[in-house]
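# Fold and contact review
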Amino acid sequence: MTDSFLCLGNFTLDIQGDGVVPGGSVFYSGSAAQALGMNVRIVAGASRSFHLQDAADLQSTDVKLIDGSHCTTMENVYTESGRKQYVHAEGPTIPFAAVPSAWLRDSVVLLCPVFGELETETARRTRGLVTGASVQGWLRKKGEGGRVECYAETRFLDDLQGIDVLFFSVEDLGDHPEMVEQFKCVAPIVVETRGPGGANVTMDNTTLHFPAQKIVEVDPTGAGDTFAAAFLAHYVRHRSPPAAAEFAVRMAEVMVERVGPLTGEHVMPADGALAGPE
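These lines cover the structure that appears in this document, whether it is placed above or below. The structure displayed is predicted, hence computed values, not measured ones. (Residues numbered from 1 in each chain as written. Predicted model: local features only at pLDDT ≥ 70, side-chain atom pairs only at ≥ 80, totals over all residues. Heavy atoms only, no water.)

What follows is about the overall build of the chain. Of regular secondary structure, the chain possesses 8 helices and 15 strands. Its C-alpha radius of gyration of 17 Å places the chain within 12% of the 19 Å reference for a compact globule of 278 residues. In terms of overall dimensions, the chain has C-alpha extents of about 40 × 40 × 40 Å along its principal axes. Split into buried and exposed, the 278 residues of the chain put 55% on the buried side. By element, 48% of the accessible surface of the chain is carried by carbon and sulfur atoms, the whole surface being about 12200 Å². One way to put it: in the chain the 21 positive side-chain charges average out to a point 4 Å from where the 36 negative ones average out. (Helix = DSSP H or I, 4+ residues; strand = E, 2+ residues; numbered from the N terminus. Rg over C-alpha atoms; globule rule 2.2 N^0.38 Å. Buried < 20%, exposed > 50% of the residue type's maximum accessible area, 1.4 Å probe, protein only. Areas by Shrake-Rupley, 256 points an atom, 1.4 Å probe, with all protein chains shown as cover. Lys, Arg positive; Asp, Glu negative; His and termini not counted. Charge placed at Lys NZ, Arg CZ, Asp CG, Glu CD.)

On to a nonpolar patch on the surface. Residues Val216, Val218 and Val259 make up a contiguous nonpolar surface patch of roughly 290 Å² in combined accessible area. As for its placement among the helices and strands, Val216 is situated in the loop between strand S15 (206-210) and helix H6 (223-238). A relative accessible area of 66% places Val216 in the exposed class. (Patch = residues over 30% accessible without salt bridge, like charges linked within 9 Å, V, L, I, M, F, W, Y side chains within 5 Å. Salt bridge = Lys/Arg side-chain N within 4 Å of Asp/Glu carboxyl O.)

Moving on, we get to the pattern of salt bridges. Inspection of every chain in the model, using the stated rule, returns 8 salt bridges. For Asp62, the salt bridge is made with Arg41, and the minimal N-O distance between the two is 3.8 Å. Highlighted residues: Asp62 in strand S5 (residues 62-67) and Arg41 in strand S4 (residues 39-46), separated in sequence by 21 residues. For Arg41, a relative accessible area of 18% corresponds to the buried category. Arg48 serves as the salt-bridge partner of Asp67, at 4.0 Å between the closest nitrogen and oxygen. Remark: Arg48 occurs in the loop between S4 and helix H2 (52-56) and Asp67 occurs in strand S5; sequence separation between them is 19 residues. By relative accessible area, which is 52% here, Asp67 ends up exposed. Using a relative accessible area of 75% as the deciding quantity, one classes Arg48 as exposed.

With that settled, consider the sheet that holds strand S1 (residues 4-8). Strand order in the open sheet formed by 9 strands is S5-S4-S1-S8-S9-S12-S13-S14-S15, and the pairing between neighbours is mixed. Unpaired on one side and paired on the other, S5 and S15 mark the two borders of the sheet. Across this sheet, the average inter-strand angle for adjacent strands is 15 degrees, counted without regard to direction. Pairing between strand S9 (residues 130-134) and strand S12 (residues 165-169): 3 bridges, direction parallel. Bridging across to S12, Ser134 finds its partner in Phe167. In the packing of H6 onto the sheet, contacts are made with S1, strand S8 (107-111), S9, S12, strand S13 (189-193) and strand S14 (199-203), and the angle to S12 comes to roughly 155 degrees. (Pairing = 2+ DSSP bridges. Axes fitted to C-alpha atoms, helices over the stretch in contact; angles between N-to-C directions. Contact = heavy atoms within 4.5 Å.)

Read these as spatial facts, not as claims about activity.
Have a look at this one:
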């Protein structure tokens, strides 16, 4: 069984207070997959302002870096009514030619753009042993003042035909819940993450709910990315969507109880063995 996990999307610089920290879906999902015993590889765009060593301190991964003039720069503002997100700069796009062909062989693949950076051919042709896609990066556009708004244009779903699992959050939908029915036409397994509300998994025209425990949430940034990585890491071994969802909810809970990505020190040995290769 494979222990290879490939993430595609841009690294980000996330504004926190007066400084910045490394971020992006590839950062959080890659960290989680590594914590669960996977051999992680990342194809990502960034600029020289992104200090790769800051990410490498948390991840011992192979990285194919696409150099850009800017690094995607994000800011999350959490309020009682929900998250407000801003994009202050956009990084480079990721062409399919940048993906090493050897990295696709017997690999779990997670397509996880943050702001539309995967080129059409990349989204269409990057497939692995099991392929998941987190669609948040296709559903974002820049509004006034850099505020991230819902971009309810779903032509990108044509490029995702053939994936195995589609991930989205209730936050991604904005005022367009009708998009969910279109998601169900793309992948046999569709997962909706609901933050403290757990997750819903739809397969074979049946939706199952997986509740989360009541915990003290410290920082939810990257929780959905952690969930997606944990789900795929478990699913590739056991091929049980319900069991994968239960496991992923638990790993996301562990992650949000602290600041930063999920790392090996946060994962019990039994959890790593459960998700990792046999």
